[in-house]
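Structure assessment
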Amino acid sequence: MENINIMRTSNRLKEIFQNSIDMSDCKNSGSDNNKYETRALAALALNMKCQLDYNQSAKHITDGYHDMGIDAIYLDVPQKKLFLVQSKWKKEGTGSITQEEMQTFVEGVKRILNIDLNGANQKILNKQNDIEFALTQMGYQIQLLYIHTGNNETDNYAKRPIEELISNVNDDVNTLLL
């Protein structure tokens, strides 16, 4: 039996994002492995954190083949933050983020911090100017967002990769925020 909360969430995401989510890179829409929901969830995270309207937040989706574990990138100039988003659609509505999922996200963040975009998809390459701007301007922070539809908090073991990254990168002015 399908989780009623997940069904409702999926339906609501389809309502609010309607034709805003780019699915042109998904060859067979019948077997998209919840790609739409994953992308819509990433857009929702930007909507919630940056007060972007739904259509605008959907424009910052980078999810796809060779996305480096980064599903959305948004430069918020007024807040002086570069948002890096990873989303996971857990269609059962259970669980949390695994250490492997977190490690993939962390490796993508490291590549962003090093401006190593070789082999990245075009959606990420289109964000290169925003990335370079945020990394080279005083006062800018990088905020990492991880959104999922699981019902559990992330356990300490799974958090280790992100905690290590933050302790290695952060300084007294909090370059990275979680």
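Going by the structure above, here's the rest.
In this report, we go over the structure that sits alongside the text. (Residues numbered from 1 in each chain as written. Predicted model: local features only at pLDDT ≥ 70, side-chain atom pairs only at ≥ 80, totals over all residues. Heavy atoms only, no water.)

Spanning 14 residues, helix α1 (residues 4-17) covers 20 Å between terminal C-alpha atoms, matching the ideal 20 Å at 1.5 Å per step. Within α1, the full set of buried residues consists of Ile6, Ser10, Leu13, Ile16 and Phe17. The buried residues of α1 occupy one face: seen down the axis, they fall within an arc of 140°. Contact partners of the buried residues in α1: α2 (35-50) and α3 (54-58). Looking at the residues trailing α1, positive phi occurs at glutamine 18, about 25°. (Helix = DSSP H or I, 4+ residues; strand = E, 2+ residues; numbered from the N terminus. Expected span 1.5 Å × (residues − 1). Buried < 20%, exposed > 50% of the residue type's maximum accessible area, 1.4 Å probe, protein only. Arc of directions from axis to C-beta. Contact = heavy atoms within 4.5 Å.)

Before going further, it helps to examine the packing of aromatic side chains. Summed over the entire model, instances satisfying the criterion amount to three aromatic pairs. Taken together, a centroid distance of 5.4 Å and an interplanar angle of 75° make the contact between phenylalanine 17 and tyrosine 54 edge-to-face. A residue pair is termed long-range when its members are at least 10 positions apart, and phenylalanine 17 in helix α1 and tyrosine 54 in helix α3 qualify at 37 residues. Taking relative accessible area as the criterion, tyrosine 54 reaches 30% and is therefore assigned partly exposed. Between phenylalanine 133 and tyrosine 140, the aromatic rings sit 5.3 Å apart at their centres with planes inclined by 80°, giving edge-to-face as the arrangement. Classification of tyrosine 140 as buried rests on a relative accessible area of 11%. (Phe/Tyr/Trp six-rings, centres within 6.5 Å; stacked < 30°, edge-to-face > 60°.)

With that settled, the discussion passes to unusual backbone geometry. Although it is not a glycine, glutamine 18 sits at a positive phi angle of roughly 25°. Its location among the elements puts glutamine 18 in the loop between α1 and α2. Unlike most non-glycine residues, glutamine 51 shows phi in positive territory, near 55°. Locating glutamine 51 in the fold gives a position in the loop between α2 and α3.

Overall, the coordinates contain 10 salt bridges when judged by the stated rule. Two residues, aspartate 25 and arginine 39, come together in a salt bridge whose shortest N-O distance is 2.8 Å. Pair noted here: aspartate 25 is in the loop between α1 and α2 and arginine 39 is in helix α2, with a separation of 14 residues, a long-range link. Here aspartate 25 falls in the partly exposed class, since its relative accessible area comes to 36%. Across the pair arginine 111 and aspartate 116 runs a salt bridge whose closest N-O atoms are separated by 3.6 Å. The class for arginine 111 is partly exposed, based on a relative accessible area of 26%. Overlapping salt bridges bring together Asp25, Lys35, Arg39, Asp63 and Lys123 as one network. (Salt bridge = Lys/Arg side-chain N within 4 Å of Asp/Glu carboxyl O.)

Two numbers describe how helix α4 (residues 99-113) lies on helix α7 (residues 156-169): the axes approach to 7 Å, and their chain directions differ by 20°. Of the possible angle classes, the one that applies to α4 and α7 is roughly parallel. Between α4 and α7 lies a crossing whose hand is right-handed. Note on element contacts: α7 touches α4 through Tyr157, Ala158, Arg160, Pro161, Ile162, Leu165 and Val169, opposite Gln99, Met102, Gln103, Phe105, Val106, Val109, Lys110 and Leu113. Looking at the contact of α4 with α7 residue by residue, the classes come out as 11 nonpolar, two polar and two charged. (Axes fitted to C-alpha atoms, helices over the stretch in contact; angles between N-to-C directions. Parallel < 35°, antiparallel > 145°, perpendicular 65-115°, else oblique. Left-handed = near helix turned anticlockwise from the far one by under 90°. Nonpolar A, V, L, I, M, F, W, Y, C, P; charged D, E, K, R; others polar.)

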